[in-house]
Amino acid sequence: MATLLSQSQRRPPLLRQAIKIRRRRVRDLQDPLPQKEIEPPSHQLSPEERTLLYEEALYTVLHRLGQPEPNHVIEASELLRYLQEAFHVKPEEHQRTLQRVRELQKPIFCLKATVKQAKGILGKDVSGFSDPYCLLGIEQGVRMPGDSPGARRQQKAVVRHTIPEEQTHRTQVINQTLNPVWDETFILEFEDITNASFHLDMWDLDTVESVRQKLGELTDLHGLRRIFKEARKDKGQDDFLGNVVLRLQDLRCREDRWYPLEPCTETYPDRGQCHLQFQLIHKRRATTASRSQPSYTVHLHLLQQLVSHEVTRHQAGSTSWDGLLSPQAATILFLHATQKDLSDFHQSMAQWLAYSRLYQSLEFPSGCLLHPITSIEYQWIQGRLKAEQREELAASFSSLLAYGLSLIRRFRSVFPLSVSDSPARLQSLLRVLVQMCKMKAFGELCPDSAPLSQLVTEALRIGTVEWFHLKQQHHQPMVQGMLEASKALLSLVQDIIGDLQQCQHTWNKIFHNALKVDLFSTAFLELQWLVAKRVKDHTAAVGSPVSPEMGESLFQLYISLKELCQLHVVPSERDGVLALDGFHRWFQPAIPSWLQKTYSVALARVQRAVQMDQLVPLGELTKHSTSAVDLSTCFTQISHTARQLDWPDPEEAFMITVKFVEDTCRLALVYCSLIKARARELSVGQKDQGQAANMLCVVVNDMEQLRLVIGKLPTQLAWEALEQRVGAVLEQEQLRNTLHAQLQGALAGLGHEIRTGVRTLAEQLEVGIAKHIQKLIGVRESVSPEDAILPLMKFLEVKLCYMNTNLVQENFSSLLTLLWTHTLTELAEAAASQRSSPLASSRLKIALQNLEICFHAEGCGLLPEALHTATFQALQRDLELQAASSRELIRKYFCSRIQQQAETASEELGAVTVKASYRASEQKLRVELLSASSLLPLSSDPFVQLTLEPRHEFPELAARETQKHKKDLHPLFDETFEFLVSAEPCQKAGACLLLTVLDHDTLGADDLEGEAFLPLCDLPGLTGSEEPGEVPQTRLPLTYPAPNGEPILQLLESRKGDREAQVFVRLRRQRAKQASQHAPRPGR
């Protein structure tokens, strides 16, 4: 473009303009000046020019030479019809013009032959090489059938014998080579192509040399043979290397091939190949266009005419041209360029000029411009163009650049995304502009042009501003008013967001890949200034207070602006301060309206949801009702609104969050009141108690669902992030006393409501559980314990299955916990009342075992730690004892005393030393009582009484006693006792040897020094068949029975009708009484 403007007309550089515009943005932005559209250069010809061009095209077809190219049209009539259609010529005019062209003088037909090179030719010199040159010309007037013997002999005739010397052409001589390269072109005229043939002979130049020189070049025997052959040949006679003979009528308009060199004789048939290029051209064409205009100009006009016809023909058929010429157009253009002998460079230049002009007025792919650009760049030599051609080429560059920038400026409308191929078309245009601006020709012809990336950036900036104002006019409200203006501004901002998203996701990648231009940043910076001014002015005009309708519109506008700002994720330093920074302050007056609107909408929705709720579970897996779902949706919407708001100021954001939490907790408590009132309303007149229980279950489930939703508030409202933001402004104590206190208060209230509902359900079942436990006790003795507990288990199975079906897992677990606690209490009371009845206690024990299994429900009910409470463990121990027989209790008593003996280490009461073993062969228990030591100083006449316990296991064995020792606290007894007893009772749990150390009293009862228990199950020789060897001594500390009695003794004592139990208890009480009288003083 710079070449078309004078120095005084040039605009300031685009970069300087961009800087000035950027500085003006601080002020109020005015509507940009309308951009002047680029006028594309006209490609239309005058009627006279069209007529001359039409004659030129007809002349080209009529005087066609050579065989057709593949895919080209063969029939001349078809080409003539196509030209008539392309030039829009009527049939009568076409016939007249055709007749006039036929009467024109024929052109001079020429064969443009280029001898490129040869390879693998014969070496005729002594050195093994040749000095080749070629003779070539055209033989005319001789018809040669291609396969006749005469034709074969004629082809072997050499040029100098068949073609006159003045029509013979000769190449340069290439010395000493077998692969010569000439690259020489010759123009050979001919009259009739049908009887003309091309001849080329290749010769080895023979110069006169001395024998000494030839011997110096000798390299092998073949060279010596050549010397002898040369000696027989005439001096200075050239050697024939081969020839090529071709009929012109067999050639295409353009040929480029390797041809084999034919021999004159059958000697050395393989003589190498020669690379030849042919082109059938015209000289002295008789058309006016050829005589008056440069060849490439005529070709340019013809190309423009045919391409224009191709494009319009496709448009008429509702299709777009793909850039490929039809076979007719390709044939005509190829023939014209060949006949006019246009160079590849001039063809490319003509193609560029034609396509670049047509592209600005017709719709076809810009990719068609890439091929001529590449060709011109590859063949560019500035000196080969005339001054007017350079100006024309420079003008085409500037025109296409200006047109391309105008398209880029309007890319949103020119390349809409609604058309699938728009991105590809824009990408193709950018590729063309980039390649054009990279050309050496562009740099030399348009040196003053600014960098393409700078031009594109400025075009995008201006186009963005223009697009904004068009959109603003489009959204101008029909009715004037603040609310309508707010809605129009909202629609404008949403359109801007959509445009920026398209720029970010689609267009930016195209511009960045092609030019490293950041379209998104350019568009964002422009649009945010424009949007900021209009939004700020609008919010200032609204003022306060804000009506609900205006508040809703402002909220949507605020959310849209947040979304707009979030698109620009990583602002760079060069962006500076954005006009939208801190835009939230413009909306502060609308915050109360937003919060009140959020609460009002949620409350109305909750009330409507409860009123429509029939308190029926939604399904087998979803056990709450419809109102709980609606309430969850309400709370989710509130949380979504809070996240959308995301107020930037920390203190204000904290207060807004507090308000959201307060409203949410208030809605939760309101819902509880409403749902309970709804249950009472539906229960009025309801005779079916089961239906009332169902509704109560649903109410409890709804509250549990509400508690779960409320518990998610910290996550949904991002408390952790908020606390981090306000940590520098507010105290942690203030945070806990506000947000956390509100939440905990709401959860506590919901928990109380849920517990109240579950407690009500549990109370309905507790009465039945208590009744069945009482019936269990009163069942007659003939009924087995397993059968006696069946009514209780069936009752629980039915009720718990019902509750499990109608309650969510959390509430069902709470109900199970309450029922389990109540059941344990009932069982404990029943066990206390049936302490003296082993049968009733046995039934209660079995009932406890089955109830534990029932409430655990194979892991689906209460967990083991919830079942095995202190009450359960105590009750289990009590029932275990109460259900046992008296003898079992006595055995348990001795088991506990043996355990106590094992745990006693202190010898405060003294100790006894014994050796005990069992002789299985004699079935005798042998006991050696060795000594006693450290006895209490009573009357000091000790002796030891030996009994096998329990007595019911050893009824035939009487107690044994040692000798009494006078005044001795460390008596040495050294006495042996044998008990005749089988091994079986000795192996039972609780079987022991009771060693009672007594102090003999002559006047009264003997005093108790202490007791020691030796378990029999571990005695040597009891479990094996071998006799025991050396028996170890066992030292047993003496112990006292418990002074207050033991539970087992208390239980045995309660069994008044059991004589064995009473005797045992009386003996143990007596021992305990004796022990209490002589208990050792502390510090003994």
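Located above this text is the structure these notes cover.
Just so you know, these numbers come straight off a predicted model, no measurement behind them.

Here we take up the sheet that holds strand β14 (residues 992-999). Here we have 4 strands laid out as an open sheet, ordered β12-β11-β14-β15, and antiparallel in their pairing. In this open sheet, the two strands that pair with only one neighbour each are β12 (960-961) and β15 (1007-1015). Note: β14 against β15, 8 bridges, orientation antiparallel. Bridge pairing in β15 links Cys992 to Pro1015. Across the sheet, helix α35 (residues 886-903) lies against β11 (942-949), β14 and β15, angled at about 95° from β15, the strand it touches most.

Under the definition given, this model contains 26 aromatic pairs. For the ring pair Phe198 and Phe278, a centre distance of 5.0 Å and an interplane angle of 75° mean the geometry is edge-to-face. With Phe198 in strand β5 (residues 196-204) and Phe278 in strand β8 (residues 273-283), this pair connects stretches of sequence that are 80 residues apart. Grouping residues by exposure puts Phe198 and Phe278 together as buried. Measuring from centroid to centroid gives 5.2 Å for Phe555 and Trp594, while their planes differ by 75°, and the two rings are edge-to-face. Linking Phe555 in helix α21 (residues 548-567) with Trp594 in helix α22 (residues 591-612), this pair joins segments that are 39 residues apart in sequence. On the accessibility criterion, Phe555 (8% relative accessible area) is buried. Here the aromatic residues Phe555, Tyr558, Phe583, Phe587, Trp594 and Trp647 are joined through ring pairs into a cluster of three or more. Of note, Lys119 hangs over the ring of Trp258, and the distance from its end group to the ring centre comes to 4.2 Å. Across the ring face of Tyr133, the terminal group of Arg170 is positioned such that the distance to the ring centre comes to 3.9 Å.

Looking now at the pairing of strand β9 (residues 911-919). The buried fraction of β9 is high, at 8 of 9 residues. One ladder, built from 9 bridges, connects β9 with strand β10 (residues 924-933); its direction is antiparallel. Paired with Val914 across the two strands is Leu929, which belongs to β10. Turn length for the β9-β10 hairpin, with the two strands adjacent in sequence and antiparallel, is 4 residues, and the turn residue Gln923 shows positive phi of about 50°. Across 4 bridges, the pairing between β9 and strand β16 (residues 1034-1037) is antiparallel. Across the sheet, the residue bridging to Ala911 is Pro1037, located in β16.

This next bit is on unusual backbone geometry. Glu949 connects to Pro950 through a cis peptide bond whose omega is -10°. Of note in this structure, Gln176 is not a glycine but carries a positive phi near 50°. Note on placement: Gln176 falls in the loop between β3 (169-170) and β4 (181-190). Of the residues examined, Gln176 reaches a relative accessible area of 39% and is grouped as partly exposed. Phi at Arg284 takes a positive value of approximately 60°, unusual for a residue other than glycine. Inspection of the secondary structure puts Arg284 in the loop between β8 and α9 (288-292).

Moving on: the sheet that holds strand β13 (residues 972-980). If you trace the 4 strands from one edge of the open sheet to the other, you get β13-β10-β9-β16, paired in antiparallel fashion. Each edge of the sheet is formed by a strand with only one pairing partner; in this case those strands are β13 and β16. Going across the sheet, the axis of each strand differs from the next one's by a mean of 25°, ignoring polarity. Pairing analysis gives 7 bridges linking β10 to β13, with the strands arranged antiparallel. When the bridges of β13 are listed, Leu925 appears paired with Phe979.

Parameters at a glance
Residues numbered from 1 in each chain as written. Predicted model: local features only at pLDDT ≥ 70, side-chain atom pairs only at ≥ 80, totals over all residues. Heavy atoms only, no water. Pairing = 2+ DSSP bridges. Helix = DSSP H or I, 4+ residues; strand = E, 2+ residues; numbered from the N terminus. Contact = heavy atoms within 4.5 Å. Axes fitted to C-alpha atoms, helices over the stretch in contact; angles between N-to-C directions. Phe/Tyr/Trp six-rings, centres within 6.5 Å; stacked < 30°, edge-to-face > 60°. Buried < 20%, exposed > 50% of the residue type's maximum accessible area, 1.4 Å probe, protein only. Lys NZ or Arg CZ within 6 Å of the ring centre and 35° of its normal.

All quantities given are derived from atomic positions and should not be read as evidence of function.
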